[in-house]
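In case you want the letters, here they are:
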Amino acid sequence: MLRSDRSVSPFKRNFLAASIAGLALGFSHLNLDPFVSGADGGSVKSAKAGAPVVTASLSMPRQMAAIDANSGSSVISPLTPIQDDDGTLRGIWAIKMAASLLEKGCRNFASVPDYTASMFRQERINGTLSEEQNIDLKVRHEPFSVYMKWNSGDRGRQLIYVQGQNNGNLLVQPGGIKGRLTGLLSLEPEGDLAMSESRHPITKAGLLQLGHTILEYQKKDIERGSGFVCELIDNQEFEGRACYLYQIVYQSPEIHETYRKSTVFVDKELSLPICVKNYTWARDASPETIDEETLVEFYAYTDLNIQKDLTASDFDQRNKDYKLRVR
């Protein structure tokens, strides 16, 4: 359950539902101008034990795959508004609706001072899929501050980043014996050492930054207007939380160099992405195992607790609870 001092009112939930219904019923009355993007839970037992359980299918829907196969090298035009009986949106309206949800979520969440969460991360670095990492996360929005402690992977590793402090560097202490030997290290956020085990710099960490990043990609897709198939599916769940599932599949590496497919679970209460799985391209992969072989990024946020009244000491290397070896 999401824990907060502020609950989401029934009015806001009803307004969101009405907005979706109105968009689905009003295709003929809406223009196709690109959607202008804005600025950028739940208790889960598996968060500490392994990868979060994804309950919805993440493969290309049969209808989409059949259209793609029958049309040869081309795909169904994403400008064609398609809505299934279950309320699933397809085409450009799926992106527009997903972008609208994320814009709303980012705008509201930016006013939240701070939060804690359990973060799951798995990334493919230099062609190799990393270990599953379960991380205790603290985030403060002003000034942007991050504290992380690893519960798996490099168990015991701790990281601190505060915008404008420590000469702009992040502070990290490896776990185990290595950490006792090296003590606290100061690294440039986008330097070779810091980026050797991460696809994104620490300045992109957290729910709000993830929402911003996805919105940037969605804006480009809307402006492009072709070369992909996409859908927004209602009535989905991620780790027991009600979600929309947004999925986009790109036609070729010429359309998107990095990603072949992206799936995003957007939490209905937060209007934020709480689970993202991205897949890259493969030269020789069977249809049955292509997602397994091409997973490049897997992020999930659970046990979200907002407005924790975090203080500067939560992001201070001298915090006695962290027991960091400050040289």
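For the structure itself, consult the block above.
The sections below set out a description of the structure shown in this document.

Here is what the cut-offs are and how they apply
Residues numbered from 1 in each chain as written. Predicted model: local features only at pLDDT ≥ 70, side-chain atom pairs only at ≥ 80, totals over all residues. Heavy atoms only, no water. Salt bridge = Lys/Arg side-chain N within 4 Å of Asp/Glu carboxyl O. Helix = DSSP H or I, 4+ residues; strand = E, 2+ residues; numbered from the N terminus. Buried < 20%, exposed > 50% of the residue type's maximum accessible area, 1.4 Å probe, protein only. Phe/Tyr/Trp six-rings, centres within 6.5 Å; stacked < 30°, edge-to-face > 60°. Lys NZ or Arg CZ within 6 Å of the ring centre and 35° of its normal. 1 Å grid on protein atoms, 1.4 Å probe; cavity = no way out; pocket = protein on both sides within 12 Å on 5 of 7 lines; lining within 4 Å. Points joined across faces, edges and corners; volume = space filled by probe spheres on them. Nonpolar A, V, L, I, M, F, W, Y, C, P; charged D, E, K, R; others polar. Core = buried A, V, L, I, M, F, W, Y, C linked by side-chain atoms within 4.5 Å. Contact = heavy atoms within 4.5 Å. Polar contact = N/O pair within 3.5 Å; in protein donor to acceptor, adjacent residues only side chain to side chain.

For the rest of this paragraph, the subject is the pattern of salt bridges. Counted under the stated rule, the structure contains twelve salt bridges. Taking the shortest distance from any N to any O, the salt bridge between R199 and E297 comes out at 2.7 Å. Taken as a pair, R199 in the loop between α5 (192-195) and α6 (207-224) and E297 in strand β14 (residues 295-306) lie far apart in primary sequence, 98 residues in all. The exposure class assigned to R199 is partly exposed, which follows from its relative accessible area of 28%. According to the relative accessible area criterion, E297 is buried, its value standing at 1%. Among the ionic pairs, K261 bridges to D291, the shortest N-O distance being 2.7 Å. Placement of K261 in strand β12 (residues 261-267) and of D291 in helix α7 (residues 290-294) is noted, with a sequence separation of 30 residues between them. Under the relative-accessibility criterion, K261 is labelled buried at 3%.

Applying the stated criterion across every chain yields a total of six aromatic pairs. One Lys or Arg, R157, reaches over the ring of W150 and ends 5.0 Å from the middle of that ring. The cationic tip of K261 hangs over the ring face of Y279; the distance from NZ or CZ to the ring centre is 5.0 Å.

The next thing to look at is the layout of surface pockets. By volume, the largest pocket amounts to about 950 Å³. What lines the largest pocket is a set of 48 residues, among which R121, E123, E197, S198 and H200 lie closest to the centre. Tallied by class, residues from the lining of the largest pocket come to 27 nonpolar, ten polar and eleven charged.

Moving on to the nonpolar core. By size, the foremost hydrophobic cluster in this structure holds 67 residues, and its most contacted members are Y115, M148 and L232. The element contributing the most residues to this core is helix α3 (residues 92-109), with eleven residues. Beyond its immediate stretch of four places on either side in the chain, Y115 contacts F109, L137, K138, V139, H141, G206, L207, L208, L304, N305, I306 and L310. In terms of nonpolar packing, the next biggest core, distinct from the first, is built from nine residues, Y147, I160, L171 and L184 among them.

This part takes up the environment of S313. Positionally, S313 belongs in the segment after β14. S313 sits in the partly exposed class, given a relative accessible area of 38%. Sequence-distant contacts of S313, that is, excluding residues within four places in its chain, are made with N319 and Y322. Only 2.8 Å separates the side chain of S313 from the side chain of T311, close enough to count as a polar contact.

For the bond running from E142 to P143, omega is -15°, close enough to zero to count as cis. In this structure, N166 takes a positive phi of about 55° despite not being glycine. Relative to the assigned elements, N166 resides in the loop between β7 (158-162) and β8 (170-173). Judged by its relative accessible area of 25%, N166 falls in the partly exposed class. At N167, a residue that is not glycine, the phi angle is positive and equals roughly 60°. Summarising the element assignment, N167 is placed in the loop between β7 and β8. With relative accessibility at 79%, the residue N167 sits in the exposed group.

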